[in-house]
Amino acid sequence: PEAAGNLRVGVDYDYVKRNIVEALRLGFNVGIITCLNQENCNEAVDMQVLGDKLGVSLVNFHRLMPQGRGRKLVKHIIGPDDWIETCRTIEDYAKSMKPVVLYPPVFCRPEEYNKYKSLGYLGCTARSADRISILPDGTVKLCSLFLDTKHHFGVVQNGHIEMNMHLNNELIWEFSTVPWCE
């Protein structure tokens, strides 16, 4: 909670938490996505506990990357060894949690590669489009990198997802111009 405002401009943690509770009360399937950096990686277990306590179905961690807002926060990016340790902590604690807990093993030790591959991790989850976020205004996002941008995968209209066929579709933009998504 304390580090939230450093990544999301104007975030009000209590407001977000109230909206999560209300969405769950209304019967929505709710997940929490958080971006970890050196300032908040020690809060990963707390976020898992919060997700479990609130009753969300998913707690999804991302690693701060050096693009978007991350360009100004490069000194806060978690290095490879620390990210591997953070993932181990998340993984160990996730065993006792009800929500599904996801995290991208951006880095791993060579002996761990086959484990992650067998779990189905083959790279960026946005590429498989198997986990989407539908924002309150109906905008559909695949990747949290684009949450604060005009880029989006689609919109919900009449109860269906209509794919964005313009150049600001995050998949088109991501795959064609963003070298870190290769």
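The present account deals with the structure reproduced in this document. All residue numbers here refer to positions counted from 1 along the written sequence of the relevant chain. Restriction of local features to residues with pLDDT of at least 70 applies here, the model being predicted, together with a cutoff of 80 or more for giving and counting side-chain atom pairs; totals for whole chains, interfaces and linings are based on all residues. Just so you know, side-chain values use all the structure's heavy atoms and leave hydrogens and water out.

**Focus on the sheet that holds strand S7 (residues 160-163)**
Stage number 1. Should DSSP find at least two bridges between two strands, the strands are taken to pair. Numbering goes from the N terminus for both helices and strands, where a helix is a DSSP run of H or I of at least four residues and a strand is a run of E of at least two. The strand order across the open sheet built from 4 strands is S4-S5-S6-S7, with neighbouring strands paired in antiparallel fashion. Across the chains shown, the open sheet's two edge strands, defined by having one partner strand only, are strand S4 (133-134) and S7.
Stage number 2. Strand direction decides the pairing type here: S4 and strand S5 (residues 139-141), joined by 2 bridges, are antiparallel. What sits directly across from Ile134, in S5, is Val140.

**Things to note about the side chain of Gln48**
Stage number 1. Considering the arrangement of structural elements, one finds Gln48 in helix H3 (residues 44-54).
Stage number 2. Residue classification places Gln48 among the buried positions, given a relative accessible area of 0%.
Stage number 3. Residues within four places of Gln48 in sequence aside, it is in contact with Val59, Phe61, Ile90, Tyr93, Ala94, Met97 and Val101. Exposure is judged per residue with a 1.4 Å probe applied to protein chains only, and the accessible area is read against the type maximum: over 50% gives exposed, under 20% gives buried, and values in between give partly exposed. Any two residues having at least one pair of non-hydrogen atoms within 4.5 Å are treated as being in contact.

**So, the sheet that holds strand S2 (residues 58-63)**
Strand pairing in a sheet is mediated by backbone hydrogen bonds. Such pairs are either parallel or antiparallel.
Stage number 1. If you walk across this open sheet you meet the 3 strands as S1-S2-S3, and the pairing is parallel. The open sheet is flanked by strand S1 (31-36) and strand S3 (100-102), the only strands paired with a single partner. Strand-to-strand twist across the sheet, computed as the mean angle between neighbouring axes with direction ignored, equals 15°.
Stage number 2. Relative to S2, S1 runs parallel, the two being bridged by 6 bridges. Within the sheet, the bridge partner assigned to Gly31 lies in S2 and is Leu58.
Stage number 3. In the packing of H3 onto the sheet, contacts are made with S1, S2 and S3, and the angle to S2 comes to roughly 160°. The convention used is that axes are lines fitted to C-alpha atoms, helices contributing only their stretch in contact, and that angles between N-to-C directions extend from 0 to 180 degrees.

**Notes on unusual backbone geometry**
If a residue is not glycine, its phi is most likely negative; likewise, a peptide bond is most likely trans.
Stage number 1. Even without a glycine there, the phi angle at Asn158 is positive, about 55°.
Stage number 2. Assignment of secondary structure puts Asn158 in the loop between strand S6 (154-157) and S7.

**Re H3**
Stage number 1. Among the residues of H3, Ala44, Met47, Gln48, Leu50, Gly51 and Leu54 are the ones counted as buried. All buried residues of H3 project into a common sector of 160° when viewed along the axis, lining one side. For H3, the exposed residues set more than 90 degrees away from the buried face come down to Asp46 and Lys53.
Stage number 2. Note on H3: the residue one or two positions beyond its end, Gly55, has a positive phi of about 95°. Think of the arc as the fan of directions from the helix axis to the C-beta atoms.

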